[in-house]
Amino acid sequence: MSVWIAIGLTTLGCYAVKLVGLLVPAEALERPVVRRLAALLPVALLAALTAQQTFADGRVLVLDARAAGVAAAAVALILRAPFLLVVGVAVAVTAGVRALGG
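Residues numbered from 1 in each chain as written. Predicted model: local features only at pLDDT ≥ 70, side-chain atom pairs only at ≥ 80, totals over all residues. Heavy atoms only, no water.

Draft legend 1. Seen up close, the packing of helix α4 (residues 65-78) against helix α5 (residues 83-99). At their nearest, the axes of α4 and α5 sit 8 Å apart, and the two run at 150° to each other. The pairing of α4 with α5 is recorded here as roughly antiparallel in orientation. Considering only the axes of α4 and α5, their crossing is right-handed. For the pair formed by α4 and α5, the contact residues are A65, R66, A68, G69, A72, A73, A76 and L77 on the first element and V86, V89, A90, V93, T94, V97 and R98 on the second. (Axes fitted to C-alpha atoms, helices over the stretch in contact; angles between N-to-C directions. Helix = DSSP H or I, 4+ residues; strand = E, 2+ residues; numbered from the N terminus. Parallel < 35°, antiparallel > 145°, perpendicular 65-115°, else oblique. Left-handed = near helix turned anticlockwise from the far one by under 90°. Contact = heavy atoms within 4.5 Å.)

Draft legend 2. Main features of the side chain of T94. The residue T94 is located in helix α5 in this model. For T94, a relative accessible area of 14% translates into the label buried. A polar contact of 2.8 Å, which involves the side chain of T94, links it to the backbone oxygen of A90. (Buried < 20%, exposed > 50% of the residue type's maximum accessible area, 1.4 Å probe, protein only. Polar contact = N/O pair within 3.5 Å; in protein donor to acceptor, adjacent residues only side chain to side chain.)

Draft legend 3. Summary view of α5. Between its first and last C-alpha atoms α5 spans 24 Å; for 17 residues at 1.5 Å apiece the expected length is 24 Å, and the two agree. Every buried residue belonging to α5 is among V86, A90 and T94, and all of these are buried. An end-on view of α5 places all buried positions within 60° of arc, on one side of the element. Along α5, the residues that are exposed and aim more than 90 degrees away from the buried face are L84, V91 and A99. Residues of α5 that are buried make contact with α4. Positive phi shows up at G101, right after α5, with a value of about 100°. (Expected span 1.5 Å × (residues − 1). Arc of directions from axis to C-beta.)

Structural measurements only, silent on function.
Take a look at the structure:
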């Protein structure tokens with residue numbers, strides 16, 4: 001029964017967060033600081049998620065094939081490669097390093 005209580009509380013919490021977001025006055029959302037924060041926050045969260053998924057295994061720092069793939073993707077981005085090519089390079093390098101035993 002405790003699982004259903006947790007699901008119910010989570011549902012109510014999600015609804016409350018959504019409701020609070022809808023109740024925020026429009027003037028507050030149109031401030032330059034809020035707009036800038038709203039534009040930069042998704043990028044920061046995605047970067048943090050990528051770093052955590054790439055370089056962490058539980059509570060341990062890991063440098064393996066994933067790190068090589070991210071580094072290759074960064075080089076491709078610096079060279080201004082199209083997005084699909086960046087993804088392809090990252091996949092190919094990661095697969096190559098794993099095939100070599102890394």
